[in-house]
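Structural overview
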Amino acid sequence: MDTKLITEITQWLKTTDLAEFCYRKDHNCIEIKTSEALPEPAEFSCRLQVVAAPALGIYHRAAKGKNLPLKEGQKVAQGAGLGYIQTHGQKHEVTAPMAGTLRIISIEEGQPAEYGQPLFFIEP
């Protein structure tokens, strides 16, 4: 690319309120970013699998009279019961979608849950 063109573009950019500029012609491309340009968004990756509420209702760990001890750091098998959501007399089972370690429990016994609300996070 012609250095004269780059100089002209840079000088022109200083006269504007633009924070970044991209110029393409043929197979050439130039990108200019000022200090006011927004940083590139960070890439985020997470290995945790969300276990979401299957329905709107009240969360229970186990049926009355039974105890299902759940604690963070506990190993769970795929399909293991993690409780249920009680909705107008119906029970909607909450099960582990994969085997792994229960890392985060974000709901307590008797709390209301919304459909799709993250209840647990499992690390494979």
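These numbers come from a predicted model, not from an experiment.

**Observations regarding the pattern of salt bridges**
Pairs may arise between side chains of opposite charge once their charged atoms sit close together. Throughout the structure, instances matching the rule amount to 3 salt bridges. E123 is paired through a salt bridge with R47; the nearest N and O atoms lie 3.9 Å apart. You can see E123 sitting in strand 10 (residues 118-123) and its partner R47 sitting in the loop between strand 2 (28-33) and strand 3 (49-52), a full 76 residues away along the chain. Among the salt bridges present, the one from R103 reaches E123, with a minimum N-O distance of 2.7 Å.

**A word on the packing of aromatic side chains**
If you walk through the whole model with that rule in mind, you get 2 aromatic pairs. Here the aromatic rings of W12 and F21 are separated by 5.3 Å at their centres, their planes lie at 65 degrees, and the arrangement is edge-to-face. Both rings, one in Y59 and one in F120, keep their centres 6.0 Å apart while their planes meet at 65 degrees; by these two values the pair is edge-to-face. Here Y59 is found in strand 4 (residues 57-60), whereas its partner F120 is found in strand 10, with 61 residues between them in sequence. The class for Y59 is buried, based on a relative accessible area of 0%. Under the relative-accessibility criterion, F120 is labelled buried at 0%. Above the face of the Y84 ring, K91 is positioned so that its terminal group lies 4.9 Å from the ring centre.

**Comments concerning unusual backbone geometry**
The backbone of D26 shows a phi angle near 55 degrees, a positive value even though the residue is not glycine. One can find D26 in the loop between strand 1 (20-25) and strand 2. Under the relative-accessibility criterion, D26 is labelled exposed at 72%. Phi angles above zero are rare outside glycine, and H88 is one such case at about 45 degrees. Mapping H88 onto the fold places it in the loop between strand 6 (81-87) and strand 7 (90-95). Exposure remark for H88: the relative accessible area of 81% places this residue in the exposed category.

**Comments concerning the sheet that holds strand 9 (residues 112-113)**
Pairing in this open sheet of 4 strands is antiparallel, and the strands run 7-6-4-9 from one edge to the other. Each having just a single partner strand, strand 7 and strand 9 make up the two edges of the open sheet. The sheet contact formed by strand 4 and strand 6 spans 3 bridges and is antiparallel. Residue pairing in the sheet places H60 in a bridge with Y84 of strand 6.

Parameters and conventions
All residue numbers here refer to positions counted from 1 along the written sequence of the relevant chain. With pLDDT at 70 or above as the cut-off, local features in this predicted model cover only qualifying residues; side-chain atom pairs require 80 or more to be listed or tallied, and sums for whole chains, interfaces and linings still use all residues. As a rule here, side-chain values come from all non-hydrogen atoms in the structure, and water together with hydrogens is ignored. Salt bridges are defined by distance alone: a side-chain nitrogen of Lys or Arg within 4 Å of a carboxyl oxygen of Asp or Glu. The helix count covers DSSP runs of H or I at least four residues long, the strand count covers runs of E at least two residues long, and both are numbered beginning at the N terminus. Stacked, tilted and edge-to-face are the three classes assigned to paired rings of Phe, Tyr and Trp, where Trp is represented by its six-membered ring and a pair needs centres within 6.5 Å; plane angles under 30 degrees give stacked, over 60 edge-to-face, the rest tilted. Relative accessible area decides the class of each residue, using a 1.4 Å probe on protein chains only: under 20% of the type maximum gives buried, over 50% gives exposed, and in between gives partly exposed. Whether a charge sits over a ring depends on NZ of Lys or CZ of Arg being within 6 Å of the ring centre and within 35 degrees of the ring normal. Only strands that DSSP links by at least two bridges are regarded as paired with each other.

The values reported here are purely geometric and, on their own, carry no functional implication.
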